[in-house]
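# Remarks on the overall topology
This is what each chain is made of:
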Amino acid sequence: MDLNQQKAQFSIAYAHAVATVAGLKVFRCDVDDESVDITLGQSGGGGTIRSPRLDIQLKCTERNVLRDDGIHFPLKRKNYDDLRDPQLMVPRILVVLLVPAKLAAWLSEIPERQLCMHRSAWWMSLNGADERPDVDTPTVVLPRANVFNVDSLKEIMQSLGDRGQL
Amino acid sequence: MTAAVAISEVARGFKPLDVASYLRLHGWAQQELVPDKYAVWTKHDNVRGEFEVLLPLSSTFSDFLRRLRDLLDTLEADERRPVGEIVVDMATPHSDIIRTRLASETSVDGTLSLEDGADVFQRVRDLVLAAACAAITPRRVYAKRKPDRAMAYLREARIGQTERGSYVVSVLSPVPPLLTAGAQPMLLPGWEEEPFSRRVVRTLAEALSATSEGVQSVAASGSIEVFSSAVEKGVSANLCEAIIGLSGEGRGLEFSFSWAPSRGAPDGVREVHRFSADSRPYLEEVSRYFRQTSELEQVEVFGVVHKLEQMGAPNVGRVTIVGTADGERRSVFTELDGELHKLAIRSYEHRLTIACIGELVKEGKSYRLKNARDFRVVEEDRD
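What follows concerns the sheet that holds strand E2 (residues 38-45) of chain B. All names here are of chain B. Overall, antiparallel pairing links the three strands, which are arranged E1-E2-E3 in an open sheet. Of all strands in the sheet, those bounded by a partner on one side alone are strand E1 (29-34) and strand E3 (49-56). With direction set aside, neighbouring strand axes in the sheet form an average angle of 20°. Pairing of E1 with E2, which is carried by five bridges, proceeds in the antiparallel orientation. Its bridge partner being in E2, Gln30 is matched across the sheet by Trp41. Strands E2 and E3 of the sheet are contacted by helix H2 (residues 16-25), whose axis makes an angle of about 165° with E3. On the sheet, helix H3 (residues 64-79) packs against E2 and E3 and is oriented at approximately 150° with respect to E3.

So, in C-alpha cells, the structure goes:
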C-alpha cells in the first residue's frame with residue numbers, strides 16, 4: 001500500500017469511528033467517480049440505509065494547512081465542482097483530515113488504555129459555492145470551528161433530519 | 001446481470017412511475033413526497049426492521065446513479081434475490097413474469113447443451129399451454145388440438161432474455177393495468193374482472209402449487225386420489241409431462257412468479273414452487289393415471305375403415321378406423337348410422353382415408369371415439 005492509499009484508508013477509518021459513535025452506519029459505494037467516498041445514514045432493515053443521509057468526500061493531508069481561520073485546502077477542479085453542485089438529492093460535505101507527517105505517529109497507544117487517531121478533521125458544505133472559473137485548483141477554507149467529531153456530526157444529521165440547510 | 005449493468009438498465013429511460021408501482025406491489029408505502037426531487041418509501045418488516053428507499057423523481061440529479069444504487073441495494077437486501085431479476089420486473093410493469101429455473105449443476109457456466117436448450121424452451125411452452133387450456137376448462141388431459149384461445153395466448157406471451165443464476169427461462173405475460181373507480185374495481189356489464197392472460201398465469205401458479213403439494217402427499221400416503229381434486233386447480237397430464245420434460249435427466253426445478261405491478265398480485269397464490277429431482281416417478285404415475293382415466297376431447301382421427309360390424313338395424317354398425325388419433329398410431333372404434341355409416345362402407349370398400357373429430361376414451365385395451373362428428377374424406381382412392 002502506498003502513502004496515498006494509506007491516507008485514503010485512514011480517513012475512512014477515522015470517519016467510520018466518528019460515525020459509529022454517533023450511531024450512524026457507513027455505506028460505501030463503488031460508483032466512485034463523483035467525489036463521494038462514503039455515505040452515512042441511519043441503519044435500516046437488513047443492514048440497509050435510511051434517512052437522513054449524508055455523502056462525504058474525504059481528503060487526508062500531512063501538509064501544514066491549518067491557519068488561524070481554518071483549513072486552507074486546494075481541491076481539484078472536478079472535486080470542487082462536484083461538491084458545490086446544487087443538483088443533489090442527498091447533501092454532500094467535504095471532510096479534510098490532518099495527519100502527522102510521519103506514518104508511525106498517525107496512531108498512538110497506551111497499552112490496555114487507549115488507541116488514539118491523530119490528528120483532527122474539519123468539515124464544510126460547498127453547496128452553491130461560486131464557480132471560480134479562473135482557478136484550476138480552488139482553495140477552500142474549512143472554518144476552524146467546524147471540527148468533524150461526534151457532536152458536530154450529530155448536529156449535522158439533526159439539521160438534515162429537520163430538512164434544514166448545512 | 002451484474003449490479004453495474006442493472007443500474008444502467010434502470011437508468012436508461014428512467015421511469016419513476018414504473019418503479020413506484022413496483023414498490024407498491026412489493027409492500028412499500030410512500031411516506032413523503034419532496035416535489036420535483038424524490039419520494040420517501042418505507043416498508044416494515046417485523047423481524048428485520050424498517051426499510052427505506054429514496055425514489056428519485058427525475059434522472060437529472062447529479063447523484064442520480066448513486067441514489068439508484070442505494071435503492072437497488074436496499075431492494076436486493078429486502079427481497080433476497082438478484083438485482084438483475086428485480087430490474088427485469090421493474091422494467092415490465094404491465095407483464096406477469098413466469099420464471100423457470102433449472103438447478104445449477106446441469107447448466108455449467110450458465111449454459112446448456114443446444115439439444116437440451118431447445119427442449120427446455122419447448123417444455124416451457126407446453127407448461128404454459130397446459131395452464132392456458134386449464135384456464136378455459138380444467139381437464140385431466142388435453143388433446144393435441146388445443147382451443148384457439150389458448151393458442152392465441154401463446155402468441156401474446158413473450159420469452160424474455162434468459163437470466164443468469166443457474167439457467168432461467170422467463171415468460172412475460174402482458175396484462176392490462178387494474179384501474180379502479182373510487183374504492184371499487186370497475187363493474188360494468190360484460191366486464192371481465194380477470195383478464196384471460198392473468199387467469200392463465202394464476203392458474204399455472206395454482207396448478208404448480210397443487211402439483212408439488214400433491215406429490216408430497218402421494219409420496220407420504222401412496223394414494224394418488226389427491227390428484228383427482230387437483231384437476232380443478234389446473235393440474236393435468238400435460239402439465240405433469242412438461243415438468244417431467246424440464247427436469248430432464250434428474251435436475252431440480254424452481255418456478256417463480258412476479259406479478260405485474262400495474263395490476264398487483266392475486267390473493268393467496270404462492271410465488272415460488274420447487275420440484276426436486278425425485279418428484280419425477282410420481283409425476284409420471286400421475287400423468288399415466290390421468291391419461292388412463294379420462295376422455296380426450298376434440299380428438300382428431302385420420303384413417304381408413306378397417307372393420308365393419310352390423311349392429312341389428314340396417315345402416316347401423318360398429319366401425320373400426322385404423323390410422324392416427326391425437327397424433328398417435330391407433331385403432332379406434334365408433335358406432336355410426338345413416339349417411340355416416342354409408343361413408344364408412346365407402347371408406348372400407350375403396351380404402352378412402354377419412355377424418356373426423358370426437359371424444360376419445362379408453363375401454364379395456366381399445367379406444368372408443370364418442371360423439372364422432374365433422375366427417376370428411378381426406379384422400380380419394382387412386383385406383
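Residue and element names in this part refer to chain A. Within strand E3 (residues 49-61), 10 of the 13 residues are buried, which leaves it mostly tucked inside the rest of the structure. In the sheet, strand E2 (residues 38-43) pairs with E3 via five bridges, with the strands oriented antiparallel. For Ile38, the partnering residue across the bridge sits in E3 and is Ile56. The turn linking E2 back onto E3 is made up of five residues, and Gly46 within it adopts a positive phi angle of 60°. Of the pairings in the sheet, the one linking E3 to strand E5 (residues 92-98) comprises seven bridges and is parallel in character. Along E5, the bridge assignment pairs Leu58 with Val95.

Let us look at the interface of chain B and chain A. Between chain B and chain A, the residue contacts involve 20 residues of the former and 24 residues of the latter. Carbon and sulfur atoms make up 48% of the surface buried where chain B meets chain A, a total of about 2,100 Å² over both sides. Area buried by chain B at its contact with chain A is led by Glu52, Ser62 and Arg66 of chain B, which between them contribute 32% of it. Inspection of the chain B/chain A interface yields four salt bridges. Across the pair Arg67 of chain B and Asp55 of chain A runs a salt bridge whose closest N-O atoms are separated by 2.7 Å. Counting only elements with at least two residues in the side of chain B that touches chain A, the list comes to E3 and H3 of chain B. Examining the composition of the side of chain B that touches chain A, we find that seven residues originate from one element, E3 of chain B, more than from any other. Classifying every residue of the side of chain B that touches chain A by side-chain character gives seven nonpolar, three polar and 10 charged.

To continue, consider the environment of Val319 of chain B. Residue and element names in this part refer to chain B. With respect to the helices and strands, the residue Val319 is situated in strand E13 (residues 316-325). Taking the C-alpha atoms as reference points, Val319 and Tyr348, 29 residues apart in sequence, are found 9.4 Å from one another. Contacts of Val319, omitting those with residues within four sequence positions, involve Val305, Lys307, Leu308, Val332, Phe333, Thr334, Leu336, His341 and Ala344.

Attention now goes to the packing of H2 of chain B against helix H4 (residues 83-91) of chain B. Residues and elements named next belong to chain B. Relative orientation of the contacting elements H2 and H4 amounts to 115°, with a least axis distance of 9 Å. Taken together, H2 and H4 sit at an angle that is classed as roughly perpendicular. Read as a crossing pair, H2 and H4 show a hand that is right-handed. Here H2 contributes Asp18, Val19 and Tyr22 to the contact with H4, which in turn contributes Ile86, Asp89 and Met90. A per-class count over the contact of H2 with H4 returns four nonpolar, no polar and two charged.

Let's shift gears to the pattern of salt bridges. Residue and element names in this part refer to chain B. Throughout the structure, instances matching the rule amount to 41 salt bridges over all chains. When the shortest N-O distance is used, the salt bridge between Arg280 and Glu284 registers 3.0 Å. Taken together, the residues Arg280 and Glu284, both in helix H10 (residues 280-292) and four residues apart, mark about one turn of the helix. With a closest N to O distance of 3.5 Å, Glu309 and Arg318 form a salt bridge. Taken together, the shared-partner salt bridges connect Glu79, Arg81, Glu85, Asp89, Arg99, Arg101, Glu254 and Arg274 into one network.

Right, let's get into the sheet that holds strand E8 (residues 120-124) of chain A. Residues and elements named next belong to chain A. With respect to topology, five strands assemble into an open sheet ordered E1-E2-E3-E5-E8, the strand pairing being mixed. Strands at the two margins of the open sheet, each flanked by one partner only, are strand E1 (25-28) and E8. In this sheet, neighbouring strand axes are inclined to one another by 35° on average, regardless of whether the strands run parallel or antiparallel. Sheet topology places E1 next to E2; four bridges connect them, and they run antiparallel. Paired with Phe27 across the strands is Thr39, a residue of E2. Here helix H1 (residues 3-21) sits on the sheet and contacts E1, E2, E3, E5 and E8; the angle it forms with E3, its principal contact strand, is near 140°. This element, helix H3 (residues 150-161), spans E2, E3, E5 and E8 of the sheet and lies at about 140° to E3.

Definitions and limits used
Residues numbered from 1 in each chain as written. Chains lettered and ligands numbered in written order. Predicted model: local features only at pLDDT ≥ 70, side-chain atom pairs only at ≥ 80, totals over all residues. Heavy atoms only, no water. Pairing = 2+ DSSP bridges. Helix = DSSP H or I, 4+ residues; strand = E, 2+ residues; numbered from the N terminus. Axes fitted to C-alpha atoms, helices over the stretch in contact; angles between N-to-C directions. Contact = heavy atoms within 4.5 Å. Buried < 20%, exposed > 50% of the residue type's maximum accessible area, 1.4 Å probe, protein only. Buried area = accessible area lost by both parts, 1.4 Å probe. Salt bridge = Lys/Arg side-chain N within 4 Å of Asp/Glu carboxyl O. Nonpolar A, V, L, I, M, F, W, Y, C, P; charged D, E, K, R; others polar. Parallel < 35°, antiparallel > 145°, perpendicular 65-115°, else oblique. Left-handed = near helix turned anticlockwise from the far one by under 90°.

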